[in-house]
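# Chain and residue survey
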Amino acid sequence: MKFTVTILGSGAATPTLNRFPTSQFINCNERNILIDCGEGSQIQMRKFRIKFQRINLILISHLHGDHYFGLAGLLSSFVLLGRTSKLQIICPKGLKNIILSQIEIGNAKIPFEIEWQEIELKERELLFEDKVLEVYGFPMNHRIQTHGFEIREKKKARNFIPEKIEELKISVKEIGAIKNGEPLIREGKVVPQEVYSKDSKRPLSYSFSADNRIKESQIDYFKGTDLLYHEATFLHEDRDRAKTTFHSTAKEVGQIASKAEIKNIILGHFSARYHDTETHKAECQESIENVFCAEDGNTFEISENGVELIG
Ligand SMILES: [Zn+2]
């Protein structure tokens, strides 16, 4: 089972030769999720060899163009490639009309089912769940309505200890019953589950905070995640610009994330005014040790041992 985050675009506003606008591909236990879809996202997926036909869920944070201008193009490619499987899109109110008008004005039809879920959140809410994961959304602090997302693994069932199955002669039928919550009885007594099974691994989590003027009241949204992506559009010397445009500085992100006890951070959405990200990293590292500055094409793996840049 793996949990990876691939950065397709790490720049802000205008695409540059080195940084495309925001988009990320998440593989959580073979569930494939796209977060935001800036211009050129599908080209980045081809470049980084991502099988984008397998994406079944797309999350769009807000309606600034650098976060969704690639969506109509991606859907159009899905049509041309003969997609038949259902797609779910969770997005702010209004996006469905924008995208469908773009497609229908050219007389095109989408032959596969799209389930649109338009949201307007006031607090953290569960938006999606299946057997292996849950997706939560929460409101961010930006110039227009914006949502952040958390993708969290579901807690798995306990693992049986093979020697104990033999020793206690636990039958297949009994294993089924235990999985349904029934106790194991031997000599008229309940056998504690710790005797024959081990707790499954801790569920892992990734949080994406979109465009956001970070503030203390958001600490609860970030708490408990293994890896937080947060924009650091500006350096602290440009904090006045960060305030007026409802963005954050790398230093501010470090300070709040530290209060939320975050261990691993990815910074991104860098303004094109900066030529490198060394100072962003240093500012954030004043509060948190493990800071990555996103580059297009980076893949991060989240595991019980922490977060590692694997590509
Ligand atoms: Zn924005």
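## Things to note about the overall build of the chain
A count of helices and strands for the chain gives 10 helices and 19 strands. Counting only C-alpha atoms, the chain reaches 75 × 55 × 35 Å along its principal axes. Residues counted as buried form 54% of the 311 residues belonging to the chain. Long-range contacts, defined as pairs at least 24 residues apart, comprise 64% of the intrachain contacts of the chain with a sequence gap of at least 6.

## Re the side chain of Asp-130
By secondary structure assignment, the location of Asp-130 is in the loop between strand 7 (125-129) and strand 8 (133-139). A polar side-chain atom of Asp-130 sits 2.9 Å from the main-chain amide nitrogen of Val-132. Within the local environment of Asp-130, its side chain forms a polar contact with the backbone nitrogen of Leu-133, the two atoms lying 3.0 Å apart. For Asp-130, the contacting residues outside a window of four places in its chain are Arg-31 and Lys-154.

## Description of the coordination of the zinc ion
The zinc ion binds to the protein through His-62 (NE2), His-64 (ND1), His-142 (NE2) and Asp-211 (OD), with metal-donor distances spanning 2.2 to 2.3 Å. The site at the zinc ion holds 4 donor atoms, and with the angles between them running 89 to 173°, its shape is irregular. We note that the donor set of the zinc ion lies within a single chain, spaced as H-x1-H-x77-H-x68-D. Of the two residues, His-62 is situated in the loop between strand 4 (57-59) and helix 2 (71-80) and Asp-211 in the loop between strand 14 (205-208) and helix 7 (219-222); the sequence distance between them amounts to 149 residues. Each member of the pair, His-62 as well as Asp-211, is classed as buried.

## Things to note about the sheet that holds strand 8
If you walk across this open sheet you meet the 7 strands as 7-8-9-14-15-16-17, and the pairing is mixed. Edge positions in the sheet fall to strand 7 and strand 17 (290-293), since each has one partner strand and no second. The average undirected angle you get between the axes of adjacent strands in this sheet is 20°. Across the sheet, helix 9 (residues 250-259) is in contact with strand 15 (227-231) and strand 16 (264-268); its angle to strand 16 comes to roughly 155°. Docked against the sheet, helix 10 (residues 278-285) engages strand 16 and strand 17, running at close to 160° with respect to strand 17.

## So, the pattern of salt bridges
Using the criterion set out here, one finds 16 salt bridges in the structure. The salt bridge partner of Arg-124 is Glu-150, with a shortest N-O separation of 2.7 Å. Residue Arg-124 is located in the loop between strand 6 (114-119) and strand 7, and its partner Glu-150 is located in strand 9 (residues 147-153); the two are separated by 26 residues in the primary sequence. Under the relative-accessibility criterion, Arg-124 is labelled partly exposed at 31%. Where Glu-174 meets Arg-186, a salt bridge forms, and the shortest distance between an N and an O atom there is 2.9 Å. You can see Glu-174 sitting in helix 5 (residues 172-179) and its partner Arg-186 sitting in strand 11 (residues 184-186), a full 12 residues away along the chain. Counted as one network, the salt bridges with shared partners bring together Arg-124, Glu-150 and Arg-152.

## Quick notes on the sheet that holds strand 1 (residues 3-9)
In any sheet, the strands associate via hydrogen bonds between backbone groups, in a parallel or an antiparallel arrangement. Strand order in the open sheet formed by 8 strands is 6-5-4-3-2-1-18-19, and the pairing between neighbours is mixed. Edge strands, defined here as strands with exactly one partner in the open sheet, are strand 6 and strand 19 (306-309). Neighbour to neighbour, the strand axes of the sheet diverge by 20° on average, direction disregarded. Note that strand 1 and strand 18 (residues 299-303) share 3 bridges and pair antiparallel.

## Observations concerning the packing of helix 9 against helix 10
Axis angle and axis distance: for two packed helices, these are the angle between their axes and the distance between the axes, and together they describe the pair. It is the contact of helix 9 with helix 10, at a shortest axis distance of 7 Å, that shows an interaxial angle of 30°. Here helix 9 lies roughly parallel to helix 10, going by the angle between them. Two packed elements cross with a definite hand, and for helix 9 against helix 10 that hand is right-handed. Residues Ala-250, Lys-251 and Gly-254 of helix 9 lie in contact with helix 10, whose contacting residues are His-280, Glu-283 and Cys-284. Residues of the contact of helix 9 with helix 10, tallied by class, amount to 2 nonpolar, 2 polar and 2 charged.

## Quick word on the domain arrangement of the chain
Taken domain by domain, the chain comprises domain 1 (3-156 + 205-309) and domain 2 (159-198). Relative placement of domain 1 and domain 2: their C-alpha centres are 43 Å apart.

## Considerations on the pairing of strand 18
It is a general feature of regular strands that their side chains alternate between the two faces of the sheet. The sheet contact formed by strand 18 and strand 19 spans 4 bridges and is antiparallel. Each residue of the ladder has a partner; that of Phe-300, found in strand 19, is Leu-309. What sits between the antiparallel neighbours strand 18 and strand 19 is a turn of 2 residues.

Cut-off values and rules
- Residues numbered from 1 in each chain as written.
- Predicted model: local features only at pLDDT ≥ 70, side-chain atom pairs only at ≥ 80, totals over all residues.
- Heavy atoms only, no water.
- Helix = DSSP H or I, 4+ residues; strand = E, 2+ residues; numbered from the N terminus.
- Buried < 20%, exposed > 50% of the residue type's maximum accessible area, 1.4 Å probe, protein only.
- Contact = heavy atoms within 4.5 Å.
- Polar contact = N/O pair within 3.5 Å; in protein donor to acceptor, adjacent residues only side chain to side chain.
- Donors = N, O, S within 2.8 Å, 3.2 Å for Na, K, Ca; no water.
- Tetrahedral: all angles 85-135°; square planar, octahedral: opposite > 155°, others 65-115°.
- Pairing = 2+ DSSP bridges.
- Axes fitted to C-alpha atoms, helices over the stretch in contact; angles between N-to-C directions.
- Salt bridge = Lys/Arg side-chain N within 4 Å of Asp/Glu carboxyl O.
- Parallel < 35°, antiparallel > 145°, perpendicular 65-115°, else oblique.
- Left-handed = near helix turned anticlockwise from the far one by under 90°.
- Nonpolar A, V, L, I, M, F, W, Y, C, P; charged D, E, K, R; others polar.
- Domains from an automatic or database assignment.

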